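Below, each chain spelled out in residue letters.
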Amino acid sequence: MALTLSSNIQDPDGFYDELLATHEGLSKDESDALNARLILILANHVGDRAILREALQAAKE
Amino acid sequence: MVGATYPLAFTLYPYRTCVALGAPPVRHPVLIIGGGPVGLATALDLGRKGTPVLVLDDHEGVGIGSRAICFAKRTLEISHRLGAGRAMLEKGVVWNVGKVFHGPDKVFEFNLLPEDGHRFPAFINLQQPHFERFLVEEIEKARADGAPIEIRGRNVVAGLDPQDDHVRVTVETPDGQYDALADYVIACDGARSPARDMLGLSFDGRVFEDNFLIADVRMTADFPTERWFWFEPPFKNAGASALLHKQPDDIWRIDFQLGWDIDRDEELKEDNIRARVDAMLGGDVDYELDWTSIYTFQCRRMKTFRHGRVLFAGDSAHQVSPFGARGANSGVQDADNLAWKLDLVVKGQAPDRLLDSYSEERIYGADENILNSTRATDFLTPKSDISKIFRDAVLQLAGKHAFARPMVNSGRLSVPCVYDGLSLNGPDSLAGPERTRTGAACPDAPLGDGYLLDRLTGGFTLLAINTATPDIAQVGGIAVSHLTLTTGDDPTGALTARYLGDTPAALYLIRPDQHIAARWAKATATDVETAMRIATGQGA
């Protein structure tokens, strides 16, 4: 399996809204901490080290 | 410099005027510099095999201060092969439960739940001076049995002059100087190794900008025998992390991570140390300070552990952070790896190039240890803002979700490395368990009234399970002993699970250091002979 880079989220606008809403009212430090937790939770869900490596690379490019 | 530079916990080998003074230089097959855990273990192993060994130490015994306190299963197994393991286990503190805190909150706790069917636990806590004392006591017993081991206290190596076929060693004593000649020198003289400097060799790696305060306190408090570790401790001035861990004799190891910019002398004042310890233990606990120290650390190693006839072992060759207890433990594995090879080379039963494999195998081990210890250090002392953010996120999640707990890293348990794909490995022709593949250290298993490792006593062993051994008693003068077992010899099933897995029968060739040289479902005497040649540096 490869990293999915085509659109894969239903209702992308809705998700984007939810992502921002989760951060609403947080300080920069609190938001940074939330993002870090979110990355770790999602990374664990993915699990596959090869896919995670691809994702890290894609984010860096 | 022949004056003592540190006070002693035990005087073990008092200075005696040396017979070598004023006499022509005597030639020694093996000369060991340094009577610490690594030098002593190597000397004991070589001496028990009958190879004469001279140990020179700059003091008359073991320095005070607990220093290394966690001795891992593999170290105890090696010590047991050398005769000292039982005394260590009796004296040591066995613990299984660890608790991890972040600030005032317990994030989680773990239980090591050690696997059954091993003589030794995952590890014990024991002050380094006791560890060394037990080795010296065993050396005394070995000497009484005729083992050719000599330890000279307050004999300081002042010069090393490598020649083609020997090394000239200049030694200073309180009564003057003498020269000794050695076929081989093993430098076990610690992280600041004077021997390394004398040969102008580099020791490169990474420095960690942090100071750790150790306070060993003596108290009869009824804290449980558990390892308690705090990230961002809630007590006053405790620094970025803290540790509480029990040792024998009512001594508790307390560790505070103080950061980089500190006034060392100020922090070491008794009042300041007591203020920290009081804040941690609560004001009403009575204790004495047994030993205190501030240390910084580095992760580094020599490019190669062999320089001609001089071999480096332990901290002189590689240095790690203390997290995961990989210093003394890896040093004892160096000793375990080197002694049998040097013994065969000195006796002319294996070529000198067998010693190259010592460097190859132990560099492999050192790199694994440095990797693990660097990772633990990066978790403990985040080096950037984002690294701190992720570290704290892991700790927060670990309190709620199981997935984050394995990411919490305050040091990973020291386990022996598997020499995967290295030069001395013979075939792995068995569809057996992963953990007993060629290159691995043999896991223990119950056997009658004792254990499997009791039967692997320091030579090459051919272990046959549910099959016969091929007819081969020696290869090129090196004895091969035979150990024939069946599934029924261990009713608990551990032997089968660890050495057979789903296969009906197996044959293992095991090295003197209890690492697996080769394994087969079936093998002929020729197969074994070929593997023996590979394992003793005589391969193609």
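Residues numbered from 1 in each chain as written. Chains lettered and ligands numbered in written order. Predicted model: local features only at pLDDT ≥ 70, side-chain atom pairs only at ≥ 80, totals over all residues. Heavy atoms only, no water.

### Let's talk about the overall build of chain A
Where we set the bar: Here a strand is any run of E in DSSP of at least two residues, a helix any run of H or I of at least four, and the numbering for each starts at the N terminus. The protein chains shown are the only cover counted for residues, whose accessible areas, like all others here, come from Shrake-Rupley with a 1.4 Å probe. Charged residues are defined narrowly, with Lys and Arg counted positive, Asp and Glu counted negative, and His plus the chain ends left uncounted. Lys charges are placed at NZ, Arg charges at CZ, Asp charges at CG and Glu charges at CD.
Within chain A one finds three helices and zero strands. Secondary structure elements in chain A, listed N-terminal to C-terminal, are α-α-α. Along the first, second and third principal axes, the C-alpha atoms of chain A reach 40 × 25 × 25 Å. Split by element, the accessible area of chain A, about 5100 Å² in all, is 55% carbon and sulfur. Taking the average place of the 5 positive charges on the side chains of chain A and the average place of its 11 negative ones, the gap between the two points comes to 14 Å.

### Overview of the packing of aromatic side chains
Residue and element names in this part refer to chain B. To keep it simple, the criterion reads: Here a pair means two rings of Phe, Tyr or Trp (six-membered ring of Trp) with centres within 6.5 Å. Their orientation is stacked below 30 degrees between planes, edge-to-face above 60, and tilted elsewhere. Here's how the labels work: a residue is buried when its accessible area is under 20% of the maximum for its type, exposed when over 50%, partly exposed in between, all with a 1.4 Å probe on protein chains only.
Tallied over the entire structure, the rule returns 19 aromatic pairs over all chains. Relative to W230, the ring of W228 lies with its centre 6.1 Å away and its plane at 80°, an arrangement referred to as edge-to-face. Just as W228 is buried, W230 falls in that class too. Measuring from ring centre to ring centre gives 5.6 Å for F297 and F323, while their planes differ by 85°; the resulting arrangement is edge-to-face. One end of the pair, F297, is in strand β18 (residues 288–301); the other, F323, is in the loop between β21 (318–319) and α8 (327–346), with 26 residues separating them in the sequence. Take F297: its relative accessible area is 3%, and that puts it in the buried class.

### Quick word on the domain arrangement of chain B
All names here are of chain B. The cut-off we apply is this: Segmentation of the chain into domains, including their bounds, is taken from an automatic or database domain assignment. Throughout, a contact is declared for two residues whenever any of their heavy atoms are within 4.5 Å. Each of two parts loses accessible area, computed with a 1.4 Å probe, when they are put together; buried area is these two losses added.
Here the domain parsing of chain B yields domain 1 (8–92 + 121–201 + 300–368) and domain 2 (428–535). Each of domain 1 and domain 2 was reduced to a C-alpha centroid, and the two centroids are 29 Å apart. Between domain 1 and domain 2, the contact holds 13 residues from the first and 15 residues from the second. Summed over both partners, the interface of domain 1 with domain 2 buries about 1100 Å², with 49% contributed by carbon and sulfur atoms. When the area that domain 1 buries against domain 2 is broken down by residue, the three leading residues are R74, R81 and W340, summing to 46%.

### Comments concerning the pattern of salt bridges
All names here are of chain B. Note the cut-off: Salt-bridge detection follows one rule: a side-chain nitrogen of Lys or Arg within 4 Å of a carboxyl oxygen of Asp or Glu.
This structure, assessed with the given rule, holds 45 salt bridges over all chains. With its nearest N and O atoms 3.1 Å apart, the salt bridge here joins E226 to K99. Of this pair, E226 sits in the loop between β14 (204–218) and β15 (227–231) while K99 sits in strand β7 (residues 97–102), and the two are 127 residues apart along the sequence. Among the residues examined, E226 registers a relative accessible area of 14% and is labelled buried. The residue K303 makes a salt bridge to D204 at a minimum N-O spacing of 3.5 Å. In this pair, K303 sits in the loop between β18 and β19 (306–307) while D204 sits in strand β14, placing the two residues 99 residues apart along the sequence. Here D204 falls in the partly exposed class, since its relative accessible area comes to 47%. Salt bridges sharing common partners tie together D45, K49, R74, E77, R81 and D336.

### Details of the environment of L281(B)
All names here are of chain B. Along the polypeptide, L281 turns up in helix α7 (residues 270–281). Take L281: its relative accessible area is 9%, and that puts it in the buried class. Residue contacts for L281: discarding those within four places in its chain leaves M219, F223, I254 and Y287.

### Details of the side chain of D183(B)
What counts is decided by this rule: Two N or O atoms form a polar contact when they lie within 3.5 Å of each other; inside protein one atom must be a possible hydrogen donor and the other a possible acceptor, and for residues adjacent in sequence the pair counts only when both atoms belong to side chains.
By the element assignment, D183(B) lies in strand β13 (residues 176–187). In this structure the side chain of D183(B) is engaged in a polar contact, spanning 2.7 Å, whose partner is the side chain of R27(B).

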